[in-house]
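Below, each chain spelled out in residue letters.
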Amino acid sequence: MLNRPSLLFYSLIVLALFSCNRLQVRKIPVSDFFKNDEKSFYRLSPDGKYVSYLKPYKGKQNLFIKSLIDGNERMATSLADYSVRDYFWTFSNQIVFSQDIIADDEFRLFTLDVSSLKTRNILSLEKGRIVLFYNRNKLEPDMVMIRMNKRDPAYFDVYKLNVKTGELVPYLINPGNITEWFPDDDGKIRLVKTSDGVDETILYRADENAPFKPVSKSNFKDKIQPIAFTQVDSCFYALSNINRDKTALVEINYETGKEQKVIYSCDKADITRVSYSSNKHRIESVACEEEKEQKHFLASDIEQLHNLLTRQLPTQALNVVGRDSAENKFIVFAYTDRNPGTYYLYEKVNQKLTKLGDINSSVNPDELCAMQPVSFKTRDGLLINGYLTLPKGAAANDLPVVVMPHDGPWRRDSWGYNEEVQFLANRGYAVFQINYRGSMGYGKAFYSAGFKQAGGKIQDDITDGVNWLINKKIADPNKIAIFGGGFGGFSALYGMSTHPKLYSCAIVQYGLINFFTYIKEVPPYLQPRLQMMYEMMGNPTTDAEQLRAISPVFHTDKIKAPLLIFQGAKDETANISELNQFVRELKKHGTPVTYYLKPNERKYFRSEHNRMEMYGEIEKFLEENMRVKP
Amino acid sequence: MKVPQSIHRKNFKLIASFLFLISATFVVALFIAYDFTSNYVENEFSSKKIYVLEQTVKPYNDFFQNRIPEITFYQGYLDSTSAAKYSKSVFKDYPFVTQIVFYDVQISSNYLGKKGLGVGIQSIYEYKQRDGEVISLKKQQPDNYNDFSVMADKLDHFIAVADTTHEPAQDAKFKTFYDIQPEKISYLNIPRREEIKRYRELQKGGGRSSVYKQNMVTFILDQNAIKIKNAYPELYHNISIRPVVYDPLENESANITTEVAFSGALSNYKLYFSSPKNYLTAETNHRFMPIAGMVLLIYFFLVLIGWLIYRNLNINLKLFKLQYDFINNFTHEFKTPISVIKIAGSNLKGDNELSERQRKHYGKILDEEADKLNELMNKLLSFTQLENKAISLKKESINLNDFVRGYIETFRIKYPDFRLDYRIYEVDSFYSDPILLGSVFQNLIENAYKYSSPMRRELYIYIRLDKRSIIFSFKDKGIGIAKEETNNIFKKFYRIENQYNQNGSVGLGLAFCKELVNFMAGDIAVKSQINEGSEFIVSLPYESGNNLNN
């Protein structure tokens, strides 16, 4: 038996050793990373008198309203079943919000009267979706535009909804090919985009009664994205990459369909974001992102505003996310790679910047890790951009690495706060994100280089990236995990089966396991979209062999390393029985696979509890497979 | 000397009964073991068939559970080319699939004016394997339209009642998308929930007119191509696939048979196992051998232990006999001097005046007999001492010539009819314990005199060196020792029974000599021929007396 003082002494020694080992990096609890947003989705009422935001109540996001006149802050809704999904203000000081009842596969729409704080269910749709669209017409303050696939689950029609009476009037019935609508500053839809899948057409109508007539046609590899009408010249602003590689901001004439002039372009990357003020009818800024987002201002007063804000909030990336109709008050969202985001209220009158709230105040930016943009050359000489987040307090060599290929594949990873990345980095892993070919934002050529390259050059890019990290001695070649959702999940599974020695384990969320099923998601009546799918992914009939060769569901015998799979049973795009069969086969072949099928979840886990469990399991899984093994 | 016979007899009875008992047990054990083995083999014959069935239908189950559902993975995108590739892989892995009929099925709202879900065939391909190549044949009409119509009706019904909010249950899927006929399995790829919803709309007459593709595949199986995996060739001489109704009538029940039915698409057939009776008997024997061997081994082991116990008893008996002998001898030995002393004592005690001559005579007798007793006691004592290694050597240099001469002189006086001579070669002195060596000399010389017929009492001693040893040889012309006795004469209390040792012998002399010589790290041996004479050879490690003296 140890006596008391010596026991104390030994425990002190153990404690000292332990703390030395951790190199002073505190293990931030999973719940701090993945809890529901504390305060988010800040909006200003059009009259500038209220600020609204979402805040959890009983674990669900509920609406809160703060008066800017008397500073009163009140909880406006008390939903305990499902969170507020989306909301906006009407000009009549009503809030319209939607709720997704996942268990019943139902969408509900509510109005909230700000003065009385009464909520009313004005619309429900079973087995369909309601999307809040916009409200721009100040002359009809009770009218809001919504999109619904009530008539046909395959496509959305635009409806006009009176939030006072609940009256629903179809505004624009979709003949079946409209994929996007571009309301003008008065809320009229005069520009739409149709797509037959392969070719996209921009259509224009002079007023709501005139028929649409085509303005320009482009292949799906090209892109024309209308922004708004210009005030002169019968033109509209658009992001276009027709006849150029990188998307630029241009003016297009809606009579002739010709591009009138280029307003702004970046040489390294597409212009991906345009800030347009419908109140003042002007473009304020554009942004492109190669490594980090670069802003270019087209309105000098906004640039001044931005500079002023930057002086007060140095090192932060800033975005204006809300404003009142008079543009006297702005909601500013500030973030970094280590800050999940903070909302501020800026008042032009007295140039006052007030902090409104944090998305997540539990994480301290000083404890988090920097996300560095990196780039490497692939075996065929293509420059690939990515981001590398190294764990704090460790030398940048021989680190265990988690590779995170993004979903898509026609998407990208961006610089900014990512809780998964920060969580893994805090646990001592270097996190490597790769914008492989096919990723968006790097120009047309880079994007189309990824066509039909799933399991081909896309996978090679990921492999090359990992090898680059190994050659730079940053990665410990024996401790590399691959972790991804959707297409990223496919990359993880395919990487495991083709490079079994490279990865020691894989984590898959809502993984794509069968390309036939993936392609099947496009219903056959959308022939053109199928054509596009065939061109980008492969034709399931003629390329059957290739698709079979890469689809993990056919090759359960090739995956040997430990696997962790998460799936929400209500994920509309997933084929659960196929996934079950896949897991069953894997188990039969002796692959150590842990499978979590959560009944009331879609793709992304909404329930805080499920999210905590998932990341807890991920931490344990990585600990077991990356630390214990030599 | 007599040993009571009763001991022997009792022993023998015990041994006999023991032997009898274990032999009986042995036989019984063999019988039981054989019976048991035979039963076991029969049991196995009827129980192991399940395992054989499992092994035999394993490829079929694998095909049914993995390869058929793989069609769904293609989500209806199979066409004639990819179906041919699929067929080829099936033919390769599962030789019992002889033919695959591929239906490219179209689902539309109204097919041929039929109400409900329009399920029609766009094209039919038939795949067969010939010489490792897949032969594909486009067909206008299916050979058996029923296959398709059954499946189409099932799908129609399923779509009508399906609950589109949930994933269809396993059994509903099985009932709808599989059609299992004898030697034929039809399978329709299972549509996703999305498609089921759309089909439902088509069925109701709504939805958008479009054509959906489904794949139906019919597999024709040949039960005879199923490879029988006889995992127990020792049990089943012949396994065959027979129709369920197969039941041969055999006159003599020379064969033992059993059977087990297939399930699923093969349910019209069964596995029929038969083995000739002697086949099973052979197997029984085969399995019995090691058991019998084991029993035999145990039996021999028991017998061995019995024999060891018997031997042990025998040795004890001999020992007992020896000790009995010894006591007999010794009491006799002690008795003679004691009785002489007694007579002398009683004479001395008598009333008659003793003459001087008488007194001297009695005194001499008493003295002599006391010496005799003393000598006996000493002998016994030193012997036990020697045995227990309780004495120590007191070595000194011995002049061999003087030493031997001394003994010869003594014995010449003692036995005037004893002819003694000696010779010493190349050696003068010897370093040893004179008393112990003297005892050896005395015993051997005494024996030579004792075991010689009166006319041939001669002893020739000669001493020589042999390498590192010194050899003392005592050669007489006595009665000699039979060859079979030469090993025994050095044992304690052993005496050859003859006329020469009726008196004054205990059977300790030679044993004592041997003990002495061994004690001095030497050896004693005897060469003898009966009626010719014996030669006792004592060899001792030679240590030169001179060196040590200096």
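Residues numbered from 1 in each chain as written. Chains lettered and ligands numbered in written order. Predicted model: local features only at pLDDT ≥ 70, side-chain atom pairs only at ≥ 80, totals over all residues.

Student: It is not clear to me how the overall build of chain A should be interpreted in this structure. Could you clarify?
Tutor: Per the secondary structure count, chain A includes twelve helices and 35 strands. Its C-alpha atoms give chain A a radius of gyration of 26 Å, near enough to 25 Å, the size a compact globule of 630 residues would have. Counting only residues that meet the buried cut, chain A has 43% of its 630 residues in that class. Taking the contacts inside chain A whose residues are at least 6 apart along the sequence as the reference set, 49% of them involve residues at least 24 apart. (Helix = DSSP H or I, 4+ residues; strand = E, 2+ residues; numbered from the N terminus. Rg over C-alpha atoms; globule rule 2.2 N^0.38 Å. Buried ≥ 20, exposed ≤ 12 C-beta atoms within 10 Å, placed from the backbone. Contact = placed C-beta atoms within 7 Å.)

Student: Please explain the overall build of chain B as it appears in this structure.
Tutor: When helices and strands are tallied, chain B shows 13 helices and 16 strands. Pairs at least 24 residues apart make up 71% of the contacts formed inside chain B by residues separated by at least 6 positions.

Student: What should I look at first to understand the sheet that holds strand β15 (residues 199-204) of chain A in this one?
Tutor: Residue and element names in this part refer to chain A. Spatially, the four strands line up as an open sheet ordered β13-β14-β15-β16, and their pairing is antiparallel. The open sheet has two edge strands with one neighbour each: β13 (178-183) and β16 (213-219). Strand-to-strand, the axes of this sheet are offset by a mean angle of 20 degrees, without reference to chain direction. Note: β15 against β16, six bridges, orientation antiparallel. Bridging across to β16, Asp199 finds its partner in Asn219. (Pairing = 2+ DSSP bridges. Axes fitted to C-alpha atoms, helices over the stretch in contact; angles between N-to-C directions.)

Student: Is there a simple way to think about the interface of chain A and chain B in this case?
Tutor: How big an interface is tends to be expressed through the accessible area that disappears when the partners come together. Contact residues are listed per partner, giving 19 residues for chain A and 16 residues for chain B. Elements with a minimum of two residues in the side of chain A that touches chain B: α8 (515-520), α10 (544-550) and α11 (576-588) of chain A.

Student: What should I look at first to understand α11(A) in this one?
Tutor: Note that an α-helix has 3.6 residues per turn; residues three or four places apart therefore point the same way. The terminal C-alpha atoms of α11(A), which comprises 13 residues, lie 18 Å apart, in line with the 18 Å expected from a rise of 1.5 Å per residue. Considered for burial, the residues of α11(A) that qualify are Glu578(A), Leu579(A), Gln581(A), Phe582(A), Val583(A), Glu585(A) and Leu586(A). Elements that come into contact with the buried residues of α11(A) comprise α8, β34 (563-568) and β35 (593-598) of chain A together with α3 (70-73) of chain B. Immediately downstream of α11(A), the backbone of Gly590(A) shows phi near 85 degrees, a positive value. (Expected span 1.5 Å × (residues − 1).)

Student: What am I meant to see in unusual backbone geometry here?
Tutor: In terms of backbone geometry, most residues other than glycine have negative phi values and most peptide bonds are trans. Residue and element names in this part refer to chain A. A cis amide bond links Gly408 with the next residue in sequence, Pro409, at an omega value of 0 degrees. Along the chain, the position of Pro409 falls in the loop between β30 (399-405) and α4 (419-426). Phi is positive for Lys58, close to 55 degrees, though the residue is something other than glycine. Within the secondary structure, Lys58 sits in the loop between β2 (50-57) and β3 (60-67). Taking the number of C-beta atoms within 10 Å as the measure of exposure, Lys58 has 9 and is therefore exposed. Non-glycine residue Asn243 carries a positive phi angle of around 65 degrees. Along the chain, Asn243 falls in the loop between β18 (235-240) and β19 (248-253).

Student: Sorry, what's going on with the confidence of the model for chain A here?
Tutor: Detailed reading of the predicted coordinates is not advisable wherever pLDDT falls low. All names here are of chain A. Confidence along chain A averages 89 in pLDDT terms, with 95% of residues attaining 70 or more. No element of chain A has a lower mean pLDDT than helix α1 (residues 4-21), at 49, and none a higher one than strand β31 (residues 430-435), at 96. A low-confidence stretch, residues 14-22 stays under pLDDT 50, and its non-local contacts, those more than four residues away or across chains, total zero contacts. (pLDDT = per-residue confidence, 0-100.)

Student: Mind showing me how you'd approach the nonpolar core here?
Tutor: Generally speaking, soluble globular proteins have nonpolar side chains that are buried together. Ranked by internal contacts, the top residues of the largest apolar core, which has 128 residues, are Val401(A), Ala481(A) and Ala506(A). In terms of residue count, strand β1 (residues 97-108) of chain B provides more of this core than any other element does, seven residues in total. (Core = buried A, V, L, I, M, F, W, Y, C linked by C-beta atoms within 7 Å.)

Student: Before we go on, may I ask you to explain the pairing of strand β4 (residues 178-181) of chain B in this structure?
Tutor: The side chains of a regular strand alternate, first on one face of the sheet and then on the other. Relative to strand β5 (residues 184-188) of chain B, β4(B) runs antiparallel, the two being bridged by four bridges. Residue pairing for β5(B): Tyr178(B) is matched across the bridge by Tyr187(B).

Student: Please clarify how the sheet that holds strand β7 (residues 238-243) of chain B should be interpreted in this entry.
Tutor: Through backbone hydrogen bonds, the strands of a sheet pair up, either in parallel or in antiparallel fashion. Residue and element names in this part refer to chain B. What the three strands build is an open sheet, ordered β7-β9-β8; its pairing is antiparallel. Single-partner strands in this sheet number two, and they are β7 and β8 (255-261). Neighbouring strand axes in the sheet, compared pairwise and without regard to direction, differ in orientation by 25 degrees on average. Taken together, the seven bridges between β8 and strand β9 (residues 269-276) define a ladder with antiparallel strand orientation.

Student: Hey, could you run me through the pairing of strand β16 (residues 533-541) of chain B in this one?
Tutor: All names here are of chain B. By the bridge criterion, seven bridges tie strand β14 (residues 469-476) to β16 in an arrangement that is antiparallel. The residue of β16 that forms the bridge with Ser473 is Ile537. The pairing of strand β15 (residues 523-529) with β16 spans seven bridges and is antiparallel. From the neighbouring strand, Ser528 faces β16, where its bridge partner is Ser534. Between β15 and β16, which pair antiparallel in sequence order, lie three residues; one of them, Asn531, sits at a positive phi of approximately 65 degrees.

Student: What am I meant to see in the packing of helix α10 (residues 400-414) of chain B against helix α11 (residues 434-450) of chain B here?
Tutor: Each pair of packed helices gets described by two things: the angle between the helix axes and the distance between those axes. Residue and element names in this part refer to chain B. Contact geometry of α10 with α11 gives a least axis separation of 11 Å together with a crossing angle of 40 degrees. Classified by the interaxial angle, the pair formed by α10 and α11 is oblique. By crossing handedness, the relation of α10 to α11 is classed as right-handed. Taken together, the residues of α11 that come into contact with α10 (itself represented by Phe403, Tyr407 and Phe411) are Pro434, Phe441, Gln442 and Ile445. Partitioned by chemical class, the residues of the contact of α10 with α11 number six nonpolar, one polar and no charged. (Parallel < 35°, antiparallel > 145°, perpendicular 65-115°, else oblique. Left-handed = near helix turned anticlockwise from the far one by under 90°. Nonpolar A, V, L, I, M, F, W, Y, C, P; charged D, E, K, R; others polar.)

Student: Which parts of the structure should I look at to understand helix α4 (residues 80-93) of chain B?
Tutor: With 14 residues, α4(B) should cover 20 Å at 1.5 Å per step; its first-to-last C-alpha distance of 20 Å lies within 8% of that length. Considered for burial, the residues of α4(B) that qualify are Ser82(B), Ala83(B), Tyr86(B), Ser87(B), Val90(B) and Phe91(B). Among the structural elements, α10 of chain A together with α2 (49-67), β1, β2 (118-130) and β3 (133-139) of chain B are those in contact with the buried residues of α4(B).

Student: How should I be thinking about the confidence of the model for chain B in this particular structure?
Tutor: Residue and element names in this part refer to chain B. Counting all residues, the mean pLDDT for chain B is 82, and 87% of those residues have values of 70 or more. Taken element by element, the predicted model of chain B shows its lowest mean pLDDT in helix α13 (residues 545-549) (48) and its highest in β5 (93). A low-confidence stretch, residues 1-6 (pLDDT under 50), is modelled with three contacts involving residues beyond four sequence positions or located in other chains. Listed scores for the predicted complex are pTM 0.72 and ipTM 0.76.

Student: Is there a simple way to explain the environment of Glu426(B) in this structure?
Tutor: Residue and element names in this part refer to chain B. With respect to the element layout, Glu426 can be found in the loop between β11 (419-424) and β12 (429-432). Judged by C-beta crowding, with 7 C-beta atoms within 10 Å, Glu426 ranks as exposed. Along the backbone, Glu426 and Ile463 are 37 residues apart, and their C-alpha atoms lie at a distance of 8.7 Å. For Glu426, the contacting residues outside a window of four places in its chain are Arg464 and Leu465.

Student: Which parts of the structure should I look at to understand the environment of Arg287(B)?
Tutor: Residue and element names in this part refer to chain B. Along the chain, Arg287 turns up in helix α8 (residues 277-349). By the C-beta count within 10 Å, which is 19 here, Arg287 ends up partly exposed. Look past the residues within four positions of Arg287 in its chain and what remains in contact with it is Thr37 and Val41.

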